[in-house]
Amino acid sequence: MRPSSLSYNTPSGSHSTPQPQAKTALPSHLSRSVGAAPSSPSTPLDSPSSSSAVRFEDRQNALEVAETLNGHLPSIVGSATESSLSRIALVSNANPKDYVYRYMFEKVTERAAVLDNAINEAADLVMQYYGLEDLGNPEHPSQDDIYCVGRICPEGDTVRLTDTSLQFESSRRYGGGMRVPLRFDPDVIVRASDDPNDSSGEGGTGLFPGIIIGIKGRNPGGGFFTASEILLLPPVDQPQTPAAELIEYQHGSAKLDGEPMSVVTAAGPFTVDDNLSYAPLAALLDEMANLRPDLLILLGPFVDASHPLLKAGDVDETPQQIFQNAISPKLASFLDYSLNTSIILVPSVRDLISHNVVYPQAPLEREGLNLHKRAKLLPNPAIFSVNEIVFAVTSADTLFSLKQNEYFKKARDPASSDLSSDPRASSSSIGLNTNKDAMARMCRHVLRQRSFYPLFPSPAAPPLEPFNLDVTHSDLLRFDQGTGADIFIMPSMLKHFAKIVDSAVMVNPATMTRRNQPGTFAKMTIYPTPRRDLEEAANNMEVDDDDDDKSLDHRVYERVRVDIVRI
């Protein structure tokens, strides 16, 4: 892996165990600088008499916890520590140069090759996971059942998926790249595991344009392929770290010293619709000054292209000036106060301060933004590690796109495939219970497809704005380089949530504001694994003579508390 200039590894010292404490007022110099509106007299939009500012300041239920994951774990209320040393090692292996590319220069052949390779890679995964010896061509007539792997496509870019509009596209290796109409057997079953008797409990599966799946069935007359089984892609392997490194990260005196790690994340827009004072961001940083988290992750948009005042041209500052005057001072004041906190900024394709408007997106450029030197700039999407914990973050609203374009195909699980398929039978008696947790299903799509944005083509139907997806650089959207991540942060306009899906912690902090209404952010408290448990697990592992690397699963889903908090 190529080291990135974004890598951050600061020597750190020990911290005393933070004790819950009552929220206290900030020092006057910090309260003024963090919470103040931009001082530029040329922006009349920041007037304190603005109706939106009054509405935000008079908001109800501020700092109320709206939802909690793993509520049995205690939450760190505040920290009495004022150390200037960071307790975390923050490393990103992304090369910023990979994200600096010319867009709108895609060639059809390059796009086709990328899409074709994605099917071939998925085919290898399916064959290995389900123990298949060979794959067939779904377009060729066959009286015998065959297995195929390919992409689900609608009949047209504007056609929604239905039982009669599905098409199945194979790669050139396995089917000449042709498409064939796809139909489902009334008794179709879904396999989500290599165990033929395993039941996923979902009563079907979601399908969307671009999803890659395996199918079993036949094409008796050459006109369409009838599938009797749907084979989902296998789950992603969980990250592992050598036991010695886990002990050092979690219990070493130079790192956490046995104490929990705190991470806070929030997504823009960071101001309400009828002013650019960024009062919600100031309120967040005021609270962060009390919490002093180890890491604060902020995802764009920071200067939102869809903000009504910017769209109307009712401003006399450039986007860079808005950032310099309204955002940079607040971040600098907070970082000067909370010396042990690191900040990560991830842009959005709606950011006017970004020179890239396509996805995947290059990091923000530090020049012209007056950013504090401890603010780290990462691309969109980004994968990075904080000590041993692997984070995957993106500001793209993938979850909403999936929800808007998903077609749920009811089907049986393998364990119930021998039951009656009488359509008059109750859904509970024939194993057709629709999975009620749609958000967990959307997250599973992302995880199983191994992509931050698995849809193709990208939807442009309202309420979504056109999304500029650069297909030829889709490799930058994939996270299956060996393993997945422990925590996925995927903000969406959908309702906030924190869930455990396929052993990964999926967090949707929602947005800081929605129109003129205050939003939410997410606070994570990650506890260390007891040192004795790590040592015992390492001692009980069987390791090859030539390999003394006793790596353990992180099991973050067991030791992280996530609170979704109202701003």
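Structure shown above.
Residues numbered from 1 in each chain as written. Predicted model: local features only at pLDDT ≥ 70, side-chain atom pairs only at ≥ 80, totals over all residues. Heavy atoms only, no water.

Q: Mind showing me how you'd approach helix 6 (residues 279–291) here?
A: For helix 6, spanning 13 residues, the distance from its first C-alpha to its last is 19 Å, which sits close to the expected 18 Å at 1.5 Å a residue. Burial within helix 6 is extensive, with 11 of its 13 residues counted as buried. Those residues of helix 6 that fall on the buried side of the exposure criterion are P280, L281, A282, A283, L284, L285, E287, M288, A289, N290 and L291. Downstream of helix 6 by one or two residues, R292 has phi in the positive range, about 50°. (Helix = DSSP H or I, 4+ residues; strand = E, 2+ residues; numbered from the N terminus. Expected span 1.5 Å × (residues − 1). Buried < 20%, exposed > 50% of the residue type's maximum accessible area, 1.4 Å probe, protein only.)

Q: What is the right way to read the nonpolar core from this model?
A: Most often, soluble globular proteins have nonpolar side chains that are buried together. Within the largest apolar cluster, 56 residues are counted, with the highest numbers of intra-cluster contacts made by L182, I213, F488 and M506. Sort the elements by how many residues they give to this core and helix 10 (residues 438–449) lands first, with 7 residues. Each residue touching F488, except ones within four places of it in the same chain, is listed here: A392, L447, F479, A504, V505, M506 and V507. Counting 37 residues, the second-largest nonpolar core is a separate cluster that includes A326, I327, L371 and I567. (Core = buried A, V, L, I, M, F, W, Y, C linked by side-chain atoms within 4.5 Å. Contact = heavy atoms within 4.5 Å.)

Q: What should I look at first to understand the side chain of S170 in this one?
A: Note on placement: S170 falls in the loop between strand 5 (167–169) and helix 4 (172–175). With relative accessibility at 3%, the residue S170 sits in the buried group. Only 3.4 Å separates the side chain of S170 from the backbone oxygen of G175, close enough to count as a polar contact. Those residues in contact with S170 that lie beyond four places of it in its chain are I119, P138, V149, G150, G175, G176, G177 and M178. (Polar contact = N/O pair within 3.5 Å; in protein donor to acceptor, adjacent residues only side chain to side chain.)

Q: Teacher, can you tell me more about the sheet that holds strand 14 (residues 375–377) here?
A: In a beta sheet, neighbouring strands pair by backbone hydrogen bonds and run either parallel or antiparallel. The 7 strands are arranged 2-25-23-11-12-13-14 in an open sheet whose pairing can be described as mixed. In this open sheet, the two strands that pair with only one neighbour each are strand 2 (65–69) and strand 14. Ignoring strand direction, the axes of neighbouring strands in this sheet form an average angle of 20°. Pairing geometry for strand 13 (residues 342–346) and strand 14, over 3 bridges, is parallel. Paired with I344 across the two strands is K376, which belongs to strand 14. Most of the contacts of helix 6 go to strand 12 (residues 295–299), to which it runs at about 165°, and overall it touches strand 11 (261–267), strand 12 and strand 23 (520–526). Together, strand 12, strand 13 and strand 14 form the strand contacts of helix 8 (residues 319–337), whose direction differs from that of strand 13 by roughly 155°. (Pairing = 2+ DSSP bridges. Axes fitted to C-alpha atoms, helices over the stretch in contact; angles between N-to-C directions.)

Q: Sorry if this is basic, but what is going on with the packing of aromatic side chains here?
A: How two aromatic rings sit relative to each other is given by the distance of their centres and the angle of their planes. Tallying each qualifying case throughout the model produces 9 aromatic pairs. Plain terms: the ring middles of F270 and F302 are 5.5 Å apart, the flat faces sit at 10° to each other, and that makes the pair stacked. Taken as a pair, F270 in the loop between strand 11 and helix 6 and F302 in the loop between strand 12 and helix 7 (308–312) lie far apart in primary sequence, 32 residues in all. Comparing F270 with F302, the two get one shared label, buried. (Phe/Tyr/Trp six-rings, centres within 6.5 Å; stacked < 30°, edge-to-face > 60°.)

Q: What is the right way to read the pairing of strand 23 from this model?
A: Taking burial as the measure, the 7 residues of strand 23 include 7 buried ones, the bulk of the element. On strand 23, burial covers both faces: T520, A522, M524 and I526 on one face and F521, K523 and T525 on the other are all buried. Sheet analysis places strand 11 next to strand 23, joined by 5 bridges and oriented antiparallel. Paired with S262 across the bridge in strand 23 is T525.

Q: What's the story with the sheet that holds strand 6 (residues 179–191) in this structure? I'm lost.
A: Reading around the barrel, the 5 strands line up as 4-5-6-9-8 and close back on themselves, with mixed pairing between neighbours. Strand-to-strand twist of the sheet, defined as the mean angle between neighbouring strand axes without regard to direction, takes the value 60°. Across 3 bridges, the pairing between strand 4 (residues 146–153) and strand 5 is antiparallel. Bridging across to strand 5, I152 finds its partner in F168.

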